[in-house]
Amino acid sequence: MPRTSTTIDNSHIVIDTGMAQPDATTIVERKGLGHPDTLADHLAERLSRAYSRYTVQHFGAVLHHNFDKLALLGGASEVRYGAGRMTSPVRVLVNGRAAPLCGGEPIPVEDIVEAEVRAFFAERLPEVSGHLDIVFNITSNSSPGAVLTGDGVPDRTRWFNPRSVEDLRERRVRLSNDTSLGTGWAPENLFESFVRELVDHFSGKSEFTLAHAWCGSDVKLMGYWDGAQADIVLCVPQKSRHVASRAEYVRNAETVLAECHRLAGLRLPGSEARFRLNARDVPEKDELYLTYTGSSIESGDEGVVGRGNRVNGLITPLRPMNLEGANGKNPVYHVGKLYNVAAQRLAIRLHEATEGHAEVHLVSTTGQRLDQPWRVLVRLSSPDVEVDKVQAVVTEALGEFPALTDELVSDGIVLS
């Protein structure tokens, strides 16, 4: 595999060409919109964006915060054919940090958070919205490194209590907050795209879910593909208020399976697709994936940021991945968010430019300039690559972080 290595500014850039194309064998997972981990991810990101927009509007800058340790603790419910109810609330543990003031002007952090939490559940799981217990574990403690040497106050201690936005170091230069990495690859294969579409079809707003009120959103799919045959295990809950009997539940499940085969015929033509739906069901004992809200968050399941889909919306153990939970991180300097988004975008650009497979890995060093990663590794399947053009694409992408922050704050980017 030919390799080119160079240093641009403080970044060591390695470009490998002629790498082997990924094997056809694919294992892929996707968690739907009502899955507790997806709920935690999306809620954490919503809190970050709401707080960011507030501080930009009032102070002209995104103040320091992070909500990426948010967790959801499942409630309790009673489920009956044709009925159901919540018997214990879902606990929302809002764990993280946020600047509570700037220049002496207070920021209503808890009010912002509570309004967003309630609006989120009203949109995503309306049956849960009246059964929430919100726990605020939000501090403004400074990061390590504030060494006291006299009567002066270390600058670091002001990051979460700034006298003005000029106390924010990133106003002068954006530095990586952590030693971490971002990973991206392109293109998706046929099966990976099908998995994304199928989960969204059953868990989001689609013609199917609009026509079948019983379809819940806590959908999960695990698929195996060898290039010709697909084996898929799929969970699709049903909402108890819209299912009058066991027989009706079984008929609805048959409707889901028929829809699966219809979409597979369209998206995986000429391939055999086998589906196993709600594998834990025992109909004769009325042990069914029947829920009041359409999500297992109603009955003891938990959701935690970072345990769900990666930034590209998939969980793909045979592809390069990392374990960063991007949702809820600060969009200005948190490399666990910015480098993953940037690496994915860069991989897509390089795939389009070379017409082959592309992988990108951006590795940061804490305290080094955000736009100058410690290591950049690009791996391309195309053997004939103009290295200088690839380097130019990389350099261009690394210069886009301020604009990337604006996109994240304005909801221009969907994570997972």
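Structure report, in brief. Not measured: the values here are computed from a predicted model.

1. Description of the overall build of the chain
Right, so step 1: Within the chain one finds eight helices and 20 strands.
Right, so step 2: For a compact globule of 416 residues, the expected C-alpha radius of gyration is about 22 Å, and the chain comes in at 23 Å, within 12% of that figure.
Right, so step 3: Seen along its three principal axes, the alpha-carbon backbone of the chain occupies a region of about 75 × 60 × 30 Å.
Right, so step 4: Expressed as a percentage of its 416 residues, the buried residues of the chain come to 51%.
Right, so step 5: Relative to all contacts within the chain whose residues are 6 or more apart in sequence, the contacts with residues 24 or more apart total 74%.
Right, so step 6: On the chain, roughly 18200 Å² of surface is accessible, and the fraction owed to carbon and sulfur atoms is 50%.

2. Topic: the packing of helix H1 (residues 36-59) against helix H2 (residues 109-124)
Right, so step 1: One way to put it is that H1 packs onto H2 with a least axis distance of 10 Å and a crossing angle of 135°. Comparing their axes, H2 and H1 come out oblique. Once H1 is placed against H2, the crossing between them reads as right-handed. Only Val109, Ile112, Val113, Glu116, Val117, Ala119, Phe120, Phe121, Glu123 and Arg124 of H2 make contact with H1, whose side of the interface consists of Leu39, His42, Leu43, Arg46, Leu47, Ala50, Tyr51 and Tyr54.
Right, so step 2: Of the residues that constitute the contact of H1 with H2, the class distribution is 13 nonpolar, one polar and four charged.

3. Some words on the sheet that holds strand S2 (residues 11-16)
Right, so step 1: Spatial strand order, S1-S2-S20-S19-S12: five strands in an open sheet with mixed pairing. Because the sheet does not close on itself, it has two edges, and the strands there are strand S1 (3-8) and strand S12 (181-186). On average, each strand axis in the sheet is tilted by 10° relative to the strand beside it, whichever way the strands run.
Right, so step 2: In the sheet, strand S19 (residues 358-363) pairs with strand S20 (residues 375-380) via six bridges, with the strands oriented antiparallel. Paired with Ala358 across the bridge in S20 is Leu380.
Right, so step 3: Where helix H6 (residues 335-354) meets the sheet, its contacts fall on S12, S19 and S20, and the angle it forms with S12 comes to roughly 30°.
Right, so step 4: Against the sheet, helix H7 (residues 387-398) makes contact with S1, S2, S19 and S20, and its axis sits at roughly 45° relative to S1, the strand it touches most.

4. Notes on the layout of surface pockets
Right, so step 1: Volume-wise, the largest pocket comes out at about 890 Å³.
Right, so step 2: Leu33, His42, Phe120, Glu123 and Arg124 are the residues nearest the centre of the largest pocket, which is lined by 34 residues in total.
Right, so step 3: Mapped by element, the contributors of at least two residues to the lining of the largest pocket are H1, H2, helix H3 (190-203) and helix H4 (207-211).
Right, so step 4: Looking at the lining of the largest pocket, the element that brings in the most residues is H1, giving five residues.
Right, so step 5: Tallied by class, the residues present in the lining of the largest pocket amount to 11 nonpolar, 11 polar and 12 charged.

5. Examining the nonpolar core
Right, so step 1: If you look at the biggest cluster of nonpolar residues, it comprises 37 residues, and the most contacted ones within it are Leu43, Leu63, Leu70, Leu72, Val92, Val117 and Phe121.
Right, so step 2: Mapped onto this core, the elements with two or more residues apiece are H1, strand S8 (90-98), H2 and strand S11 (132-139).
Right, so step 3: The leading source of residues in this core is H1, at nine residues.
Right, so step 4: With sequence-adjacent residues up to four places away left out, Leu72 is seen in contact with Pro36, Leu39, Ala40, Leu43, Arg91, Val92, Phe121, Ile297, Asp301, Glu302 and Gly303.
Right, so step 5: Counting 32 residues, the second largest nonpolar core, distinct from the first, contains Val28, Val195, Phe208 and Leu268.

6. With respect to H6
Right, so step 1: Across its 20 residues, H6 extends 27 Å between first and last C-alpha, which sits within 8% of the 28 Å expected from 1.5 Å per residue.
Right, so step 2: Within H6, 14 of the 20 residues are buried, leaving the element largely enclosed by the surrounding structure.
Right, so step 3: Just downstream of H6, Glu355 is the residue with a positive phi angle, here 60°.

Parameters at a glance
Residues numbered from 1 in each chain as written. Predicted model: local features only at pLDDT ≥ 70, side-chain atom pairs only at ≥ 80, totals over all residues. Heavy atoms only, no water. Helix = DSSP H or I, 4+ residues; strand = E, 2+ residues; numbered from the N terminus. Rg over C-alpha atoms; globule rule 2.2 N^0.38 Å. Buried < 20%, exposed > 50% of the residue type's maximum accessible area, 1.4 Å probe, protein only. Contact = heavy atoms within 4.5 Å. Areas by Shrake-Rupley, 256 points an atom, 1.4 Å probe, with all protein chains shown as cover. Axes fitted to C-alpha atoms, helices over the stretch in contact; angles between N-to-C directions. Parallel < 35°, antiparallel > 145°, perpendicular 65-115°, else oblique. Left-handed = near helix turned anticlockwise from the far one by under 90°. Nonpolar A, V, L, I, M, F, W, Y, C, P; charged D, E, K, R; others polar. Pairing = 2+ DSSP bridges. 1 Å grid on protein atoms, 1.4 Å probe; cavity = no way out; pocket = protein on both sides within 12 Å on 5 of 7 lines; lining within 4 Å. Points joined across faces, edges and corners; volume = space filled by probe spheres on them. Core = buried A, V, L, I, M, F, W, Y, C linked by side-chain atoms within 4.5 Å. Expected span 1.5 Å × (residues − 1).

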